[in-house]
Amino acid sequence: MDIRPNHTIYVNNINDKVKKEELKRSLYALFSQFGQIVDIVAMKTAKMRGQAFVVFKELAASTNALRQLQGFPFYNKPMRIQYAKTDSEVIAKVKGTYGDKEKKKDKKKKALELGTNVPKKPAPGSVAPVHSPTVQVPDNPPNYILFLSNLPEETNEMMLSMLFNQFPGFKEVRLVPGKHDISFVEFESDGQAGVAKDALQGFRITATCAMKITFAKK
């Protein structure tokens, strides 16, 4: 009965009232903390309702996500996660594109081994290595409240809560009415807020928006 570990995980028992695009964005925000995501497949057909496939680049990432998020309350329903069965048609299609990406990665790896000037590997979470490590976000003195900016228009409270509640001391997310691109996140202490700030600095909720995080002004 046990399915062999796979780069792809199968998620079901998802709240089927959630729109497909929002569902994919929320799954991305939640699962990308474990590693690079190659694709997310979610369909709204009657047969595929409440289900999704998340394809990771690394096997370790899919394993970690499966363990950590099993039963996670996603849109008020506990997620059920298992490795995808390898013969799934959807995944075979995804894996087709995935093979090409691997070839490109191998070329990059060889270039790295030759010591050519390849940009520094981004931390998991920052999907594209666009922001260089030298760019510093101007900051305020430590505070238990974080100020987030440069958020994409579709950001919602749940997405941000899922990102930040993996850190100890997380209390709540506060969106600013009428301003989609900024938000506040409250922690129990300055130190706990600082850990989350450093870990998620530059995190991309979408491909184009790298989140900026500073301590809120006291």
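Criteria and thresholds
Residues numbered from 1 in each chain as written. Predicted model: local features only at pLDDT ≥ 70, side-chain atom pairs only at ≥ 80, totals over all residues. Heavy atoms only, no water. Buried < 20%, exposed > 50% of the residue type's maximum accessible area, 1.4 Å probe, protein only. Helix = DSSP H or I, 4+ residues; strand = E, 2+ residues; numbered from the N terminus. Contact = heavy atoms within 4.5 Å. Pairing = 2+ DSSP bridges. Axes fitted to C-alpha atoms, helices over the stretch in contact; angles between N-to-C directions. Expected span 1.5 Å × (residues − 1). pLDDT = per-residue confidence, 0-100.

### Side note on helix 2 (residues 59–69)
Along an α-helix, residues three or four apart share an orientation, since each turn contains 3.6 residues. Of all the residues in helix 2, the buried ones are A61, S62, T63, A65, L66 and L69. Check the buried side of helix 2 and you find it contacts strand 1 (8–12), helix 1 (20–31), strand 3 (52–56) and strand 6 (80–83). A positive backbone phi angle near 80 degrees is found at G71, which sits one or two residues after helix 2.

### Considering the sheet that holds strand 1
Taking strand neighbours across the sheet as the criterion, the 4 strands line up as 2-3-1-6 in an open arrangement whose pairing is antiparallel. Two strands bound the open sheet, and with one partner strand each, they are strand 2 (37–42) and strand 6. Each strand axis lies, on average, 20 degrees off the axis of its neighbour in the sheet, ignoring direction. Pairing analysis gives 4 bridges linking strand 1 to strand 3, with the strands arranged antiparallel. If you follow T8 over to strand 3, its bridge partner there is V55.

### A word on helix 1
With 12 residues, helix 1 extends 16 Å from end C-alpha to end C-alpha; this agrees with the ideal 16 Å at 1.5 Å per step. All of the buried residues in helix 1 are L23, S26, L27, Y28, A29, L30 and F31.

### Points about the confidence of the model for the protein
For the protein, per-residue confidence averages 79 on the pLDDT scale, and residues scoring 70 or more make up 75% of the total. Mean pLDDT values for the elements of the protein range from 55 in helix 3 (residues 89–113) up to 95 in strand 7 (residues 145–149).

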